[in-house]
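# Results of the structural survey
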Amino acid sequence: MIPDLIVSLAVVSNDIDFDATWQLLRKFGGDYEAIADPGFRRPHVSDIPANWLLLQQLQSAGVVAKFGADNERRDIWVTLRQS
């Protein structure tokens, strides 16, 4: 998927800052948009290494409460901090 590729590049690139990454997430819509801000949704994102790193960064920023592997769906479940 294109969002997965761009998230990968945004997370590992030294040229894209965290604010730019948040803007990208919002533009992708769907579950990527959901993980950009605290809230009540229960999004799922692709199980790729960059998403694990991104979720760790969002957890440190206080957006994500917790996340883990969903073996049945083969993706990552996300619990957001409630605003």
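Refer to the structure presented above.
Residues numbered from 1 in each chain as written. Predicted model: local features only at pLDDT ≥ 70, side-chain atom pairs only at ≥ 80, totals over all residues. Heavy atoms only, no water.

Before going further, it helps to spend a moment on the sheet that holds strand β1 (residues 44-46). Reading across from one edge, β1-β3-β2 is the order of the 3 strands in this open sheet, with antiparallel pairing throughout. Pairing within the sheet leaves two strands with one partner each, and these edge strands are β1 and β2 (64-70). Averaged over neighbouring strand pairs, the angle between their axes works out to 30° when direction is ignored. Two elements, β2 and strand β3 (residues 75-80), share 6 bridges in a ladder whose sense is antiparallel. Within β3, the residue paired with Val64 across the bridge is Leu80. Here helix α4 (residues 49-60) sits on the sheet and contacts β1, β2 and β3; the angle it forms with β2, its principal contact strand, is near 160°. (Pairing = 2+ DSSP bridges. Helix = DSSP H or I, 4+ residues; strand = E, 2+ residues; numbered from the N terminus. Axes fitted to C-alpha atoms, helices over the stretch in contact; angles between N-to-C directions. Contact = heavy atoms within 4.5 Å.)

The next point concerns the pattern of salt bridges. Taken as a whole, this structure holds 3 salt bridges when the rule is applied. Of the charged contacts, one joins Asp75 and Arg73 as a salt bridge, the two residues approaching to 3.2 Å between their closest N and O atoms. (Salt bridge = Lys/Arg side-chain N within 4 Å of Asp/Glu carboxyl O.)

Attention now goes to α4. Across its 12 residues, α4 extends 17 Å between first and last C-alpha, which sits within 8% of the 16 Å expected from 1.5 Å per residue. For α4, every residue scored as buried is listed here: Ala50, Asn51, Leu54, Leu55 and Leu58. Mapping the buried residues of α4 onto a view down its axis gives an arc of 135°, with all of them on the same face. Exposed side chains of α4 directed beyond 90 degrees from the buried face belong to Pro49 and Ser60. Of the residues trailing α4, Gly62 is marked for its positive phi of about 85°. (Expected span 1.5 Å × (residues − 1). Buried < 20%, exposed > 50% of the residue type's maximum accessible area, 1.4 Å probe, protein only. Arc of directions from axis to C-beta.)

Look at Arg74: it is not a glycine, yet its phi comes out positive at around 55°. Structurally, Arg74 can be placed in the loop between β2 and β3. Arg74 sits in the exposed class, given a relative accessible area of 71%.

Nothing here speaks to function; it is all geometry.
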